[in-house]
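Observations on chain architecture
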Amino acid sequence: MKRLKVLTWQVHGNYLFYLSQAPHDFYIVTKPGNPAGYAGCGNALPWGSNVYEVPYHAVPQTEFDCVLYQHHRHYLEDGPALLSEAQQRLPTAFVEHDPPQAHPTNTRHPVQDPDVMLIHVTPFNALMWDSGDTPTRVIEHGVKLVDEVEWHGTLPKGITVVNHLARRGRRLGADLFGQLRREIPLDLVGMDAQALGGIGEIPASELPRFMSAYRFFFNPIRYTSLGLAVIEAMMAGLPVVALATTEMAMLIRSGHNGVADTRLDVLADAMRQLIRDPALAAEWGQAARRDAQARFSIGRFAQDWDRALRELTQ
């Protein structure tokens, strides 16, 4: 079948890498200096030959089969300013990476067009957004570790992965991380992690192996989408301790692949138990790996995207 030429932007690098496992060609809009939303692919991940960078000034003269937006600003402002009139009439999709940031239930999604396919990355996100009359579907994440990783958990502590946690505050759980770190040994990695005494950023391709040394993964986030780092940690064999909010409540089963709860004392007790009992951590971690492989297979993800893009362009 014909490979489609998909115009998109790099908003979440790991997500774009996984998206590129679909059997199509992806063209990434870039600008000099790699400003936010216009970065190139970089060398942190082993990009395939089906991913191309296209300078923003060359976009109007380049042929595409469809346009895939991944950011509200690109859809509302940049796309209409950049694309030719013919390109603006191309089949269009929008992948929404987050739940609503304003009111959690009464926020109308900015894409309100019956001709645009709105794709949510978790069932929770789709539930919370008011998508109006825009046709929607859910394509859950798919993850493919760059290298095979075996968990060993020799570090008797937990790891948290959040970018800019200090700046993003309560919604991402900066206060909860700080509170629990006073009781439990926890390391923080991610962009600007040093602002909270953390380690710093780990290259995306190296992160699963780095995490595999830790006894468990701790997710302090109150309200956001399901992070790829959580799934990558599960794929690497880490049990997960997390707040039982958003999609996490449907992913983490207490006593099976980790512990999910809204009571901090329960989470702290689970962390202490995993630190004391590496065999339990191994048992829960193997269950986490099996659950992640079953739910977030890269093959299923690529097929879902292939189906969506072909339906969009038929």
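Here is what the cut-offs are and how they apply
- Residue positions are given per chain, counted from 1 along the sequence in the order it is written.
- Local features in this predicted model are restricted to residues of pLDDT 70 or higher, and side-chain atom pairs are both shown and tallied only at a pLDDT of 80 or more, whereas totals for entire chains, interfaces and linings draw on every residue.
- Only hydrogens and water are set aside; all other atoms, that is, all heavy atoms of the structure, feed into the side-chain values.
- UniProt positions are given in the numbering used here, feature names are shortened, and annotations may be inferred rather than shown by experiment.
- Strands are runs of DSSP state E lasting at least two residues, helices are runs of H or I lasting at least four, and both sets are numbered from the N terminus onward.
- In this scheme, strands are said to pair when DSSP sees at least two bridges between them.
- Axes, fitted as lines to C-alpha atoms, cover a helix only where it is in contact. Angles between the N-to-C directions of the axes lie from 0 to 180 degrees.
- Two residues form a contact once any of their heavy atoms are found within 4.5 Å.
- Each cavity reported here is a set of points on a 1 Å grid over the protein atoms alone in which a 1.4 Å probe fits but cannot get out, each pocket an open set with protein on both sides within 12 Å along at least five of seven lines, and each lining residue one with an atom within 4 Å of a point.
- Grid points are joined across faces, edges and corners, and a volume is the space filled by probe spheres set on the points.
- As a working rule, the residues Ala, Val, Leu, Ile, Met, Phe, Trp, Tyr, Cys and Pro are called nonpolar, Asp, Glu, Lys and Arg charged, and the rest polar, with Gly in that last group.
- For the purposes of this analysis, a disulfide is any pair of cysteine sulfur atoms at a distance within 2.5 Å.
- Residue burial is assigned from relative accessible area. The probe radius is 1.4 Å, only protein chains are included, and a residue is buried under 20% of its type maximum, exposed over 50%, and partly exposed in between.
- Here, the term nonpolar core denotes a set of buried Ala, Val, Leu, Ile, Met, Phe, Trp, Tyr and Cys residues that are joined through side-chain atoms within 4.5 Å.

Per an unreviewed UniProt entry, the recorded name for the chain is Transferase, and the organism is Pandoraea vervacti.

1. Digging into the UniProt feature "transmembrane region" (unreviewed entry) in the chain
Listed under "transmembrane region" (unreviewed entry) in the UniProt record, and renumbered for this structure, are residues 223–244. Strand forms 18% of residues 223–244 and helix 36%; the C-alpha atoms that close the span are 10 Å apart.

2. A few points about the sheet that holds strand β11 (residues 240–243)
A sheet is described by the order of its strands in space; here five strands give the open sequence β9-β8-β10-β11-β12, paired in parallel fashion. Because the sheet does not close on itself, it has two edges, and the strands there are β9 (186–189) and β12 (258–261). If you compare each strand with its neighbour and ignore which way they point, the axes differ by 20 degrees on average. Helix α10 (residues 264–276) rests against β8 (155–161), β9, β10 (214–219), β11 and β12 of the sheet, and its axis sits at about 165 degrees to β10.

3. Regarding the layout of surface pockets
Space inside the second largest pocket adds up to approximately 180 Å³. Forming the walls of the second largest pocket are 13 residues, and the residues nearest its centre are Tyr69, Tyr75, Gln88, Thr92 and Val116. Among the elements of the structure, β4 (66–69), α2 (72–82) and α3 (85–88) are those that each provide at least two residues to the lining of the second largest pocket. Each residue belonging to the lining of the second largest pocket can be placed in one class, and the counts come to seven nonpolar, three polar and three charged.

4. Describing the state of the cysteines
Throughout the structure, instances matching the rule amount to zero disulfides. The cysteine cysteine 41 is free of any disulfide, with cysteine 66 supplying the nearest cysteine sulfur at 17 Å. Cysteine 66 sits in the buried class, given a relative accessible area of 0%.

5. Re the UniProt feature "domain: Glycosyl transferase family" (unreviewed entry) in the chain
When the UniProt feature table is mapped to this numbering, "domain: Glycosyl transferase family" (unreviewed entry) covers residues 199–290. Segment residues 199–290 splits into 47% helix and 15% strand. End C-alpha atoms: 29 Å apart.

6. Some points on the environment of proline 100
Along the polypeptide, proline 100 turns up in the loop between β5 (92–96) and β6 (116–120). In this structure proline 100 comes out as buried when scored by relative accessible area, which is 0%. Sequence-wise, proline 100 and tryptophan 129 are 29 residues apart; in three dimensions their C-alpha atoms are separated by 6.0 Å. With sequence-adjacent residues up to four places away left out, proline 100 is seen in contact with Thr107, Met128, Trp129 and Tyr223.

7. A short note on the nonpolar core
In terms of nonpolar packing, the biggest core is built from 85 residues, with Phe217, Phe218, Leu238 and Trp305 touching the most fellow members. Considering each element in turn, this core owes the most residues, seven residues, to helix α8 (residues 228–235). Setting aside residues no more than four positions away along its own chain, phenylalanine 217 makes contact with Ile159, Val161, Met211, Ala229, Val230, Ala233, Leu238, Pro239, Val240 and Val241.

8. Re unusual backbone geometry
Its identity as a non-glycine residue notwithstanding, asparagine 34 has a phi of 55 degrees, on the positive side. Examined against the element boundaries, asparagine 34 turns out to sit in the loop between β2 (25–30) and β3 (51–55). Judged by relative accessible area, which is 48%, asparagine 34 ranks as partly exposed. Although it is not a glycine, threonine 246 adopts a positive phi angle of roughly 50 degrees. Looking at the secondary structure, you find threonine 246 in the loop between β11 and α9 (248–251). When its relative accessible area of 14% is taken as the criterion, threonine 246 is described as buried.

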